[in-house]
Structures are given as structure tokens and as C-alpha cells.
Amino acid sequence: MLMKKLICFFNLCLLLVSCGQKSQVSLVSLVNPLMGTESTFEFSHGNTYPAVAVPWGMNFWSPQTGKNGSGWMYTYKDSLIRGFRQTHQPSPWINDYGTFSIMPVWGELTMDNQKRGMRFSHENEKAAPDCYQVKFDNGVSTALSATSRGAVFEITYPSEEGQYIVVDAYQHGGSVVWNKEENCIYGITHYNNGGVPENFANYFIIEFDKPVVESGTDENSCAYVKFQLEAGEKMTVRTASSFISHDQARLNFNREVAGRSLAEVSAEAKKIWNDQLGRIQVEGGTHEQQKTFYSCLYRTLLFPREFYEFDSDNKPVYYSPYDGQLHGGYMYTDNGFWDTFRAVHPLFTLAYPEVSGRIMQSLVNAYDESGFMPEWASPGHRGCMIGNNSISLLTDAWMKGIRTFDKDKALEAMLHQTQARGEIASVGRDGYEEYDRLGYVPYPEVPEATAKTLEYAYADWCLARFAEATGNQEIAKAYYKKAQNYRNLFYPEKGFMWARDANGKWRDNFDATEWGGPFTEGCSWHWTWSVFHDPEGLSTLLGGHEQMAERLDSMFTAPNTFNYGTYGFVIHEIAEMVALNMGQYAHGNQPVQHAIYLYNYVGQPWKAQYHTRNVLNKLYNSGPQGYCGDEDNGQTSAWYVFTALGFYPVCPGASEYVLGSPLFNKATLSLPGGKQFVIHAENASEDNCYIRSATLNGKNFSHNFLKHEELMQGGELKLIMDCVPDKERGVKPEDAPYSYNK
Ligand code: CA
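Residues numbered from 1 in each chain as written. Predicted model: local features only at pLDDT ≥ 70, side-chain atom pairs only at ≥ 80, totals over all residues. Heavy atoms only, no water.

A.B. asks: Explain the coordination of the calcium ion to me, please; I cannot follow it from the model alone.
C.D. replies: Six octahedral donors around a metal ideally make angles of 90 or 180 degrees; four tetrahedral donors ideally make 109.5 degrees. Protein ligation of the calcium ion involves Asn589 (OD1), Gln590 (OE1) and Asp632 (OD), the donor distances falling in the range 2.3 to 2.4 Å. We note that the donor set of the calcium ion lies within a single chain, spaced as N-Q-x41-D. Taken together, the positions of Asn589 in the loop between α16 (572-580) and α17 (605-619) and Asp632 in the loop between α17 and α18 (635-645) put the pair 43 residues apart, joining distant regions of the chain. Here Asn589 falls in the buried class, since its relative accessible area comes to 3%. Look at Asp632 and you get buried, because its relative accessible area is 14%. (Donors = N, O, S within 2.8 Å, 3.2 Å for Na, K, Ca; no water. Helix = DSSP H or I, 4+ residues; strand = E, 2+ residues; numbered from the N terminus. Buried < 20%, exposed > 50% of the residue type's maximum accessible area, 1.4 Å probe, protein only.)

A.B. asks: I'm lost on the packing of aromatic side chains in this one. Help?
C.D. replies: The relation between two aromatic rings is expressed through the spacing of the ring centres and the mutual angle of the planes. Tallying each qualifying case throughout the model produces 55 aromatic pairs. Here the aromatic rings of Phe496 and Trp525 are separated by 5.2 Å at their centres, their planes lie at 75 degrees, and the arrangement is edge-to-face. Of this pair, Phe496 sits in strand β26 (residues 496-497) while Trp525 is found in helix α13 (residues 524-527), placing the two residues 29 residues apart along the sequence. In this structure Trp525 comes out as buried when scored by relative accessible area, which is 10%. By way of ring pairs, the aromatic residues Tyr597, Tyr620, Tyr627, Trp639, Tyr640, Phe642, Phe647, Tyr648 and Tyr657 are connected into one cluster. The ring centre of Phe253 lies 5.3 Å from the NZ or CZ of Arg250, which sits over that ring. A cation sits over an aromatic face here: Arg305 above Phe60, 4.1 Å from the ring centre. (Phe/Tyr/Trp six-rings, centres within 6.5 Å; stacked < 30°, edge-to-face > 60°. Lys NZ or Arg CZ within 6 Å of the ring centre and 35° of its normal.)

A.B. asks: Got a minute to help me understand unusual backbone geometry in this structure?
C.D. replies: Most peptide bonds are trans, and most residues other than glycine sit at a negative phi. Along the chain, Phe303 connects to Pro304 via a cis peptide bond; the corresponding omega equals -5 degrees. A cis geometry characterises the amide bond from Tyr443 onward to Pro444, with omega recorded as 15 degrees. Structurally, Pro444 is set in the loop between α10 (432-438) and α11 (449-469). Backbone geometry at Asn581 places phi at a positive 60 degrees, although glycine is not the residue there. Within the secondary structure layout, Asn581 lies in the loop between α16 and α17.

A.B. asks: Sorry, what's going on with the environment of Asp501 here?
C.D. replies: One can find Asp501 in the loop between β26 and α13. Separated by 59 residues in the primary sequence, Asp501 and Pro442 have C-alpha atoms spaced 4.6 Å apart.

A.B. asks: I'm lost on the pairing of strand β15 (residues 222-227) in this one. Help?
C.D. replies: It is a general feature of regular strands that their side chains alternate between the two faces of the sheet. With respect to burial, β15 is a largely interior element, six of its six residues being buried. Judged by which residues are buried, β15 turns out to be covered on both faces: Cys222, Tyr224 and Lys226 on one side and Ala223, Val225 and Phe227 on the other are all buried. Looking at chain direction, strand β10 (residues 163-168) and β15 are connected through six bridges and run antiparallel. What sits directly across from Tyr164, in β15, is Lys226. By the bridge criterion, four bridges tie strand β14 (residues 214-217) to β15 in an arrangement that is antiparallel. From the neighbouring strand, Gly216 faces β15, where its bridge partner is Tyr224. A loop of four residues connects β14 with β15, the two strands running antiparallel in sequence, and Ser221 in this loop sits at a positive phi of about 60 degrees. (Pairing = 2+ DSSP bridges.)

A.B. asks: I keep staring at helix α12 (residues 473-482) and nothing clicks. Help me out?
C.D. replies: Side chains three or four residues apart in an α-helix point the same way, a direct result of the helix having 3.6 residues per turn. Every buried residue belonging to α12 is among Ala476, Tyr479, Tyr480 and Lys482, and all of these are buried. In an axial view of α12, the angular spread of the buried residues amounts to 155 degrees, which keeps them on one side of the axis. Seen from the buried face of α12, the exposed residues on the opposite side, beyond 90 degrees, are Glu474, Lys477 and Lys481. For α12, the secondary structure elements touched by its buried residues are α9 (407-417), α10 and α11. (Arc of directions from axis to C-beta. Contact = heavy atoms within 4.5 Å.)

A.B. asks: Looking at this structure, how should I read the sheet that holds β10?
C.D. replies: Whether parallel or antiparallel, the strands of a sheet pair through hydrogen bonds between backbone atoms. If you walk across this open sheet you meet the six strands as β1-β3-β4-β10-β15-β14, and the pairing is antiparallel. Edge positions in the sheet fall to β1 (60-64) and β14, since each has one partner strand and no second. On average, each strand axis in the sheet is tilted by 20 degrees relative to the strand beside it, whichever way the strands run. Relative to strand β4 (residues 100-106), strand β3 (residues 83-87) runs antiparallel, the two being bridged by three bridges. Bridging across to β4, Gln86 finds its partner in Phe100. (Axes fitted to C-alpha atoms, helices over the stretch in contact; angles between N-to-C directions.)

A.B. asks: Is there a simple way to explain the pairing of strand β31 (residues 690-696) in this structure?
C.D. replies: Strand direction decides the pairing type here: β31 and strand β34 (residues 715-722), joined by six bridges, are antiparallel. What sits directly across from Ser693, in β34, is Ile720. Pairing of β31 with strand β32 (residues 699-700) involves two bridges; the strand directions are antiparallel. From the neighbouring strand, Leu696 faces β32, where its bridge partner is Lys699. Hairpin connection, β31 to β32: the antiparallel pair is bridged by two residues, and Asn697 has positive phi, about 50 degrees.

Right, dumping it as C-alpha cells:
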């Protein structure tokens, strides 16, 4: 009887779960922050670290296994932790700034980061977005949680002897000072790797709820404090910081962490994550697919970070990394738009428009303060990558109804971005004079010239579209014309994008597998597709729809050979492409990430359905080797999020999402105004990746794209999935997504 009752109870539980009691499901519990952490300089499975943070938080916290200064802050195969680090690092290639670490040391006092590491194993580690916990092999335990500008730790030592905390401000003239009256540390770190004004600093406060019995410093910006606790007695450590001043750090401390326990802060962080992750609810698929989905969504919601704080009147203020001054308003940083314009920011404009609105303001603010909008910021302008994708961000936001910024100032900033160059090549438009004179950027006169030409042409289309939408028709006309410049580097004899010098002569020794040179982190196999705004025009160059589809086919069947070209060695992106074994398809890097969707423009949408699903299944998992290349501030994750929903923003600014093949049976997008858009994929399964039929709000739907306004009105896309392709659906010209020349 008891057994029967138990079985009934068990069945009831199953029923509740299968009925999708959404409020009871903690989405944050599906996130694995260790996804992508098993990476090295030579080969990236994501190059991520397990960030404890709130979405877009000003500070992240991570266990540090690498030595101070190494971009590989946490790697899954390491066995020592050297500190728990407040970090702002967007990528190992960009490295960190304003960082410091807190490390419990037990037994003999060791301050040097090369020697103080303590052994741990993954069995005794628990990583979640809201809390990281580890019990070291020596019995010391540490748990921590974070707010945007603060953090709370709980630390215990296994015995009474030698209980220390070492605070490391990473040299560069930083200081750590123990204040006896306040039982607290005041620290300053100047550590940085990028272009910041001379007065740049991160001011931090660390408070202990147990008395310090001894303290000291070394000559490397490190300090220690000593405690006398019972064995296993819990000590709470609270910290907060500011890029403005110690007074502001105190304000941040009092608002976010003063008097609060680890459990309280962690519960709040968990709630924030569940609310943000919950804007997209998926049902169906496997548990592993759900874990991968929410781990990717977590990564998408980390960057760019809030670089602003709230003053004593609760108004947003920020230290500008561009002019070193204090300003009112919003600033965001730590983003390479070359990566994130593609899918991260379009996901924000769709599902997190209030955040997008603040980010757009910060672009215009950066223009006011430095004369340019950022393209790669961390925290100020960084010399990295190419393009004018800030224009894409503003245009995509404007076209989707985000009106938080001054349109005239934005247009002025956009025009300037295309007609000037900063001190470093990635700021403004490198080669703009040649581009305007010749209609392309010449190579070898300008490095990465073909990649630049293609991205400038897309940026020009974005600018034209923005100008048109804001009533500046003359500008629109001129820039729509420039947006066709991609044609000037299409080498008809070879049928690929290639390079020309300033005299118009094609570069010798054509090799579609040659990386670098006129291209950026890729070869012509990848860059030929970078015509986001005009796939129809590109197909004409390639000989027509059939020929373009064949070229897409051959990208997957060509041998995965390479010529490392001007790089002179096998860069990790090349190694990753070879390892995928999918021909010349290099999903581990950005230039090609939209390419599969181009089948929708040439009447063969079923191939987009097949290949996108294949990539979802083969190239991602929720584990430490979960990505097939750099994650890159949410971009490779946002590809998964969109693609698992069944669509992708191929051309930000066009306000369309191009169809693929939904991974889950049901996905619900919660939109502003309480609306919902639901994607049903009936019969979706491993084999059933093809769309047999589709209805939008009950009406037959043959298009290969959804319009932004169709989503925002709320409604229902219903797809019936099948294991065989329907070669009749989505093949008419009107079914193809936006192209300028459609
Ligand atoms: Ca990349």
C-alpha cells in the first residue's frame, strides 16, 4: 500500500514536470559556466572562463588557475587555483584590466601567485552563474556570489593554524592597504592591457566579518591579512569596487553587499538569471540540448558589461575610458562588434530591447568623448579586428523601433566613422580614402583589405538604411551606391572574392584556401559570403541561384586543406576548421557563421535546415569542450540560441530572421508589452530536421524568413517537421529574404 502510494506520488511528480510547470523550473540550474573552458593558445574550445556574475554585470568573478597576466585565466585541465579574481576580461586575446584577486592561504604564508596555488579537483567544484564553490584538497573551502559591482565570499579553514587571505592588485603600481579601524582593505589596481587614460584605476573595498590579527604587504602590490578562527568556522568577506573613486566604491558596497549573506546574494543573482533566461523558454529536445541552450544564452547575456555606477542620487554616472572624465548616463564596454553585430545585438534588440537602448546611448557617448564610436572596446578603443559594425548596431536598433538615442548625432557619428581613421587602425575606417577613390581597399597597400572592403560595403548599406529611415535621402542614395562596392573585389575569372592593388591589378597566385593577407582570420572560402545585405547580388556574380547553391554545397565537400599565408603558422582558427572535418566550413570563426542560411536566398531552404541542425548537434555541447572555436563575447553562443529557435538574423538592419530548423518542439519568446511569440516544431527530432509545412498565426506560410514586426506582434509559427526535404516549399522568389537587389 505504501509502495502504491509512493508510486502514485511519483507519477504525480512526473505529471507536474511533464506539464511544464514553468515557474518551478530553475533555468539557471541548466547553465554550465564551465562550457568551453578546456582551451589552449593552440586550440580553442571556447576560450571561456566560469564567470560568476549577473547579466551584463560591471564585474565578473572567476577562479584563476593561470598565472597572473595569462589570458588563460581558468582552464579546465589545470589543477591549481591561485586566486578568485574580479575580472573584466572579454577574451584571452584582449586580456584583462582593473583586475584583482582574493585568495585564502592556509598553513605557511605564500603571497607570490606563482607559488600560492592550491590543488583542487572538479568533483569538489560547483560552478553556477550565481555561485562558485570549491573545496580544495587541503580542506580550505571557498564559495562566492556576485552582484553587478560587488561580491560576497564564504571561506573556511580546516584548522586554526595559519589562516590568511592574500589580496593581489597585480603590480602596475597598484596598492592594497589594511585599515585597522574599519577592519577593511582599501585597494587600487591600475592593471590594464589597453588604451585607457592615465588616470584609469579600479578602486576596491574588502571587508571581513572576523577580526584581522596581523597584516602585511609585499613589493608586488599584494597584501595579506591573518585570522584566528575555529576550524571550519565560516568567515564572510564582502567586497565592492568602482572605476570612479573609493567613495563611489563605498556607495556601491552599501547598496549591493553590506550586511548581506552569501545565500542572500546568491538567491538574488539566481532570480535575476532566471528572469532573463526565462524570456526564452524552450520545451522538448534532450536534457543535454536544454543545458547547451541555456549555457549559450548565459554567455550571450554577459557582454557588453555595464561600465556605469549609480551616484548618491541614484543617477547613472561613469568614468569614461575614452577621456578619463566623469559623465552622467550610460557606458557599456568589453565587446568586439566584429563578432557581436552578427547575432548578439540582434538578440538584444529582439528580446532585451531595454538593454539595447542603453547600449546604443553608450555608442553615441563614446563618439562624444573620443571622436569615434567603438568597434572593439575594452574598456576604451582597442586595436583589434576590422569594420564599421557600430553602424550596424545603431541601424538594427533604429529599424526595430529603439529610440533611446539622438538620431542626428548618431548619423553624424556614423558618417564620421566612414570618413576618418583613428590613431589605431581598428578605429574609424582604415583605408577610407582609397575605398572612396577606387571603390575598394587596395592590397597590399592596406592589410586585410578585402575583408575591410566587404565589411565597409555592408556598413554603408546600414548607414544608407538609417539615413533613409531618418529622412536623409541624399545621404541614403550615396551610401546605397557605395554599398555595392563588394562587387569590385569579386574576381570573375575565379568566382571568388580576391584582392586588387591600387592600380586595379588582381593579386597573383589565386588560392581560395589562403588565410590572412587581404582577409581576416579566414580565406576566400569564408569571406566570399560576407555580403549580408545583398545575397541576390552576390548570386548574380556567382552565375545565378543554382551556381550559388553549388558553391555552398562545395564548401562542405571541398577538402579541409589550408594555406596559412601571411600568418606564417597554423593559427587556432585554422586548426579548428581542420578538426571539424566539414570541408572549408569553419564554424569556429565568425566570417562564415551566416553562410548556411544563404541557401534560403537561392531556392534551396531545405539545405539550410539540414546543415544548421547538423551544426547544432555536432559542434556544440554543454561541456568544457563545448564550442568548436572561440566563443567571442556571446556570438558563437547567440548563433546556437537563434538557430535552436529556428531562425537567424543574417543581415542586421534588415529586420528579418532567416529560417533554419528548430531544435525544440516548442519555444516561447516573451516580448515587451506582455506579448508572446511561440514557435511550434511538431515532430522535431534528430531525423526530422526538414520543414514539411508551416503556418504563421494559422495561415499558410511559405516564406523563408520572419519579419521583426511579425514576431513583435506576438503569435505562433507552427511547423510540421519531417525526415525528408520538401523541395517545393520556400522556392519562389518572394519566399527569399531581403536582398538589396531582390
Ligand atoms: Ca573569432
